[in-house]
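Chain residues, written in single-letter form:
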Amino acid sequence: MPKQKKMWDNVLTVIMSLLSLLWIYPIVLILLNSLKVEGSFTTSTVFKLPTAETFVGLTNYVNGIEKTGFFTAFGWSAFITVFSVAAIILFTSMTAYYLTRVKTGVTNVLYYMFVFSMIVPFQMVMFTMSKLANMTHLNNPPGMVLLYLGFGSGLSVFMFCGFIKSIPLDIEEAAMIDGCNPLQTFFGVVMPILKPTAITVAILNAMWIWNDYLLPYLVIGLSTNYKTIPVVVQYLVGSYGAKDLGAMMALLVLSVIPIIVFYLTCQKYIIEGVVAGAVKG
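Residues numbered from 1 in each chain as written. Predicted model: local features only at pLDDT ≥ 70, side-chain atom pairs only at ≥ 80, totals over all residues. Heavy atoms only, no water.

Glancing now at the overall build of the protein chain. The helix and strand inventory of the protein chain stands at 13 helices and 0 strands. Helices (α) and strands (β) of the protein chain occur, in sequence order from the N terminus, as α-α-α-α-α-α-α-α-α-α-α-α-α. Here the protein chain holds 281 residues, and the buried ones make up 37% of them. Residue pairs in contact within the protein chain that sit at least 24 positions apart in sequence constitute 75% of those at least 6 positions apart. Accessible area of the protein chain: about 16,300 Å², with a carbon and sulfur share of 72%. (Helix = DSSP H or I, 4+ residues; strand = E, 2+ residues; numbered from the N terminus. Buried < 20%, exposed > 50% of the residue type's maximum accessible area, 1.4 Å probe, protein only. Contact = heavy atoms within 4.5 Å. Areas by Shrake-Rupley, 256 points an atom, 1.4 Å probe, with all protein chains shown as cover.)

Moving on to the side chain of T200. With respect to the helices and strands, T200 occurs in helix 9 (residues 195–211). For T200, the side chain forms a polar contact with the main-chain oxygen of P196, separated by 2.9 Å. (Polar contact = N/O pair within 3.5 Å; in protein donor to acceptor, adjacent residues only side chain to side chain.)

The predicted model of the protein chain averages 83 in pLDDT, with 89% of residues at 70 or higher. Considering only residues more than four positions removed or in separate chains, one finds that residues 277–281, a stretch of pLDDT under 50, has 12 contacts. (pLDDT = per-residue confidence, 0-100.)

As a rule of thumb, soluble globular proteins bury nonpolar side chains together. Core analysis: the biggest nonpolar cluster contains 47 residues, and I89, M144, L147, F160, L194, L215 and V219 have the highest contact counts within it. Contributions of two or more residues to this core are made by helix 3 (70–101), helix 5 (126–135), helix 6 (141–164), helix 8 (182–193), helix 9, helix 10 (214–219), helix 11 (229–233) and helix 12 (245–266). Among the elements that make up this core, the one with the highest residue count is helix 6 (11 residues). (Core = buried A, V, L, I, M, F, W, Y, C linked by side-chain atoms within 4.5 Å.)

A pair can form between side chains of opposite charge whenever their charged atoms are brought close. One pass over the full model with this rule turns up 1 salt bridge. E172 is paired through a salt bridge with R101; the nearest N and O atoms lie 2.6 Å apart. Of this pair, E172 sits in helix 7 (residues 169–177) while R101 sits in helix 3, placing them 71 residues apart in sequence. The exposure class assigned to E172 is buried, which follows from its relative accessible area of 3%. (Salt bridge = Lys/Arg side-chain N within 4 Å of Asp/Glu carboxyl O.)

Another aspect to go through is a nonpolar patch on the surface. There is a patch of nonpolar side chains on the surface, built from M7, W8, V11, L12, I15, M16, L19, L22 and W23 and spanning about 960 Å² of accessible area. With respect to the element layout, I15 can be found in helix 1 (residues 2–33). Accessibility expressed as a relative area gives 38% for I15, which makes it partly exposed. (Patch = residues over 30% accessible without salt bridge, like charges linked within 9 Å, V, L, I, M, F, W, Y side chains within 5 Å.)

If you want it as structure tokens, here you go:
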């Protein structure tokens, strides 16, 4: 039996390794083509390594940065992502704590409203949302933080509620006996226990917000100074569908590096947090 299990583990490792290569391949392909001269992208050459005739080094990167104002867009993307994720973690964890510990008809309705928001397609609300954002002057980076807080609260509250249900009440009661008020109990006792789920929520929302194109495009648009990275990449699409593919691929490489580093740094907490938030409750 142990030999059979070991053999199965080896087979599973090989299968997963091949699948991982399948997922990594598109990123490698974009990286290789970002080093090729513009005009060399054809059906027969797009999958080939750069040659002496097609290799241009970092030219595409320089062109893409100069044409789009990439570093300004990078700053706005970082601002929106960091503050949106921080707001989501802070407010949804507090909301989940209240909904879990205070059992009333109102809190039950609120909980199921958060859960219901997870299944509502964005396309159903995007036009009314963009109109409302313009009317209320939310078409700026701080307004985007507020919008992302709303759209990201459903899944986040659901995950935090699942984990908080597994925290023994005795811990909180002991803190209250020691003189802690509810806020001190939450931030001093409950929040440190929520660390795995909080990191998981941060990773999932950071990847979504950093790579999101549709919401910034609808709310901020192309005509403002607050464009994010996915929006400025659209600048490289000219009239009649003309595209600077070399610069586009170069900017895509630059845009994925921060989120990949962030993911690799925190990925060990993902499974722990997902299991804690979805199973223990």
